[in-house]
Amino acid sequence: MTSPPQRWTKEQITALVPDPKAVALARRLGPSLSNTGHHANALWGLCQGSGLKPYQTIIDLSGPAFKCSCPSRKFPCKHALSLLISWSEDAVPEADTIADFAEVWIESRAEREGVKAATPAGPKTANPATAELRVKQVTIGLEELDTWIADQVRTGLAQTDRSYTAFEAAAARMVDSKAPGIASTLRRLPYALATRKDWPQRLLGEYAQLHLLVQAHRHLAELSDPLQATVRSHIGYPVAADSVLAERPVRGRWMVLGIKVTEENSLFSRRVWLRERESNSWAVLLDFSHGTPNFPADLPPLGSLIDADLHYYPGAASLRAKLGERHSKPEPFTTLPATGIEEALDDYAAAIGRDPWLRSWPVCLKDVIPTFSGDEWHVIDHTGRAIAISTPLDEPPPWTLLGFSGGYPVTIIGEWTSDGIRVISAFSGGRVVVM
């Protein structure tokens, strides 16, 4: 029999849903819970919604994984989050057996995990023949891509088929050629072209970067090891997690400054932005989950600082990392070292110098005021210098940031992009708030 898991802390729960509003809403649902119980790793309960029949909510704490009969597409939904909070506060009784409505799902998950556990574990080593075949596939695909780009430019951008179908066909070819990174770039282009007045310049710039990437891959052996890793990363060569954890760790006091979950074609991704308190070094933790956003729950909460080791993925402008050994428990911080616009721009320029294919780079700007004039958003520092805020059409305008500021200077955490700063969170009064 599996021993009962240790109750989760508030920080572990809020790491699942970084939006404090969702946690507050889940707490209000506590009185709606009934027939709750927990046994080993299983946690279940009924939650009364707007209908007559209560929702059946089940949690497998070993995942964690969540199942609820409510129509919400969020994982965990507010009912599962409410049940988890109640359990963490010792408000869910222990049972001798699992409830009938939860048992089937729990057992089916256990069977699937049992199959996975039976697979021999150990460091993954690439088969040389497989690796060589992949290089050949990528090389052939990139040569075809370069010819396609040349044809687009030769016939003139005005004649370009800017439909989703045209770029999707080229992207599908890149997927077949084992170059998913380039496929993702191609799939982003139709949206950018449809929403920008300067689309010819943007398209020509994208083609130029792809051509440069093809050229870099042709001369891969002549590049330095970090730049080779960068080229491979942008193309989409896989990197084994074991090899990343084998990299020399970088120990520091890392502040959690931003958490964001996105979804594309049922693939959920979670980005966590970290900054080392003394050196101001950046790192991004990136996790993926297909179908449902079931991410590891041991993430340090937003607005906390932890003494830990990070293992960076190889590259010329290292940013993505994996969290290694932890040397302390997360603790809150009330001050945040930040930089001015000039210093931040210099940092961004240096990163692009190391990796010319960079699409974004973290930034922490101090004492800036968000403003809105006409249809444009900016942040302005004390000298009057303004930097545009990126406002994609698929995201809401940053009214929350404007309200959080109240017209006063705040520190913002975001990413430099070709369109300006994409705001992730803001810091004021000793707290970090997701925007």
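Placed above this text is the structure.
Here goes a summary of the coordinates provided. This one's a predicted model, so the numbers in the text were calculated from it and none came from an experiment. (Residues numbered from 1 in each chain as written. Predicted model: local features only at pLDDT ≥ 70, side-chain atom pairs only at ≥ 80, totals over all residues. Heavy atoms only, no water.)

**A closer look at the overall build of the protein chain**
Right, on to step 1. When helices and strands are tallied, the protein chain shows 12 helices and 16 strands.
Right, on to step 2. Taking 2.2 N^0.38 as the reference for a compact globule, 435 residues should give roughly 22 Å; the C-alpha atoms of the protein chain span a radius of gyration of 24 Å, in line with that estimate.
Right, on to step 3. When the backbone C-alpha atoms are referred to their principal axes, the protein chain occupies close to 70 × 60 × 45 Å.
Right, on to step 4. For the protein chain, long-range pairs separated by at least 24 residues make up 62% of all intrachain contacts whose partners lie at least 6 apart in sequence.
Right, on to step 5. Looking at the protein chain as shown, the accessible area adds up to about 22900 Å², and 53% of this sits on carbon and sulfur atoms.
Right, on to step 6. Taking the average location of the 45 positive side-chain charges in the protein chain and that of its 49 negative ones, the two points are 2 Å from each other. (Helix = DSSP H or I, 4+ residues; strand = E, 2+ residues; numbered from the N terminus. Rg over C-alpha atoms; globule rule 2.2 N^0.38 Å. Contact = heavy atoms within 4.5 Å. Areas by Shrake-Rupley, 256 points an atom, 1.4 Å probe, with all protein chains shown as cover. Lys, Arg positive; Asp, Glu negative; His and termini not counted. Charge placed at Lys NZ, Arg CZ, Asp CG, Glu CD.)

**Digging into unusual backbone geometry**
Right, on to step 1. Look at Lys178: it is not a glycine, yet its phi comes out positive at around 65°.
Right, on to step 2. Note that Lys178 resides in the loop between helix H6 (164-176) and helix H7 (180-195).
Right, on to step 3. Assessed through its relative accessible area of 36%, Lys178 is described here as partly exposed.
Right, on to step 4. Unusually for a residue other than glycine, Asn280 sits at a positive phi of about 65°.
Right, on to step 5. Tracing the backbone shows Asn280 in the loop between strand E6 (267-276) and strand E7 (282-290). (Buried < 20%, exposed > 50% of the residue type's maximum accessible area, 1.4 Å probe, protein only.)

**A short note on the environment of Thr417**
Right, on to step 1. Note that Thr417 resides in strand E14 (residues 410-417).
Right, on to step 2. For Thr417 and Ser360, which are 57 residues apart along the polypeptide, the C-alpha to C-alpha distance reads 4.8 Å.
Right, on to step 3. Setting aside anything within four residues of it in sequence, one finds Thr417 in contact with Tyr348, Arg359, Ser360, Ser390 and Arg422.
Right, on to step 4. Within the structure, Thr417 has its side chain in polar contact with the backbone oxygen of Gly420 (distance 2.8 Å). (Polar contact = N/O pair within 3.5 Å; in protein donor to acceptor, adjacent residues only side chain to side chain.)

**A few points about the pairing of strand E8 (residues 304-312)**
Right, on to step 1. In terms of burial, E8 is a largely internal element, 9 of the 9 residues being buried.
Right, on to step 2. Residues Ser304, Ile306, Ala308, Leu310 and Tyr312 line one face of E8 and the alternating positions Leu305, Asp307, Asp309 and His311 line the opposite face, and both faces are buried.
Right, on to step 3. By the bridge criterion, 6 bridges tie strand E5 (residues 250-264) to E8 in an arrangement that is antiparallel. Bridge assignment links Val250 to a residue of E8, and that residue is Leu310. (Pairing = 2+ DSSP bridges.)

**Details of the packing of H6 against H7**
Right, on to step 1. Relative orientation of the contacting elements H6 and H7 amounts to 175°, with a least axis distance of 7 Å. Here H6 is positioned roughly antiparallel relative to H7, judged by the angle of their axes. On H7, the residues that touch Tyr164, Phe167, Glu168, Ala170, Ala171, Ala172, Met174 and Val175 of H6 are Pro180, Ile182, Ala183, Leu186, Arg187, Leu189, Pro190 and Leu193.
Right, on to step 2. The residue makeup of the contact of H6 with H7, split by class, is 14 nonpolar, no polar and 2 charged. (Axes fitted to C-alpha atoms, helices over the stretch in contact; angles between N-to-C directions. Parallel < 35°, antiparallel > 145°, perpendicular 65-115°, else oblique. Nonpolar A, V, L, I, M, F, W, Y, C, P; charged D, E, K, R; others polar.)

**A closer look at the sheet that holds strand E15 (residues 420-428)**
Right, on to step 1. Sheet architecture is open: 6 strands sit in the order E13-E12-E11-E14-E15-E16, paired in antiparallel fashion. At either end of the open sheet lies a strand with only one pairing partner, and these are strand E13 (386-388) and strand E16 (431-434). Geometrically, the sheet is characterised by an average inter-axis angle of 50° between neighbouring strands, direction not taken into account.
Right, on to step 2. The pairing of strand E11 (residues 361-373) with E14 spans 6 bridges and is antiparallel. By the bridge assignment for E14, Val363 is matched with Gly414.
Right, on to step 3. Sitting on the sheet, helix H11 (residues 341-354) is in contact with E11, E13 and E14, with an inclination near 130° to E11.

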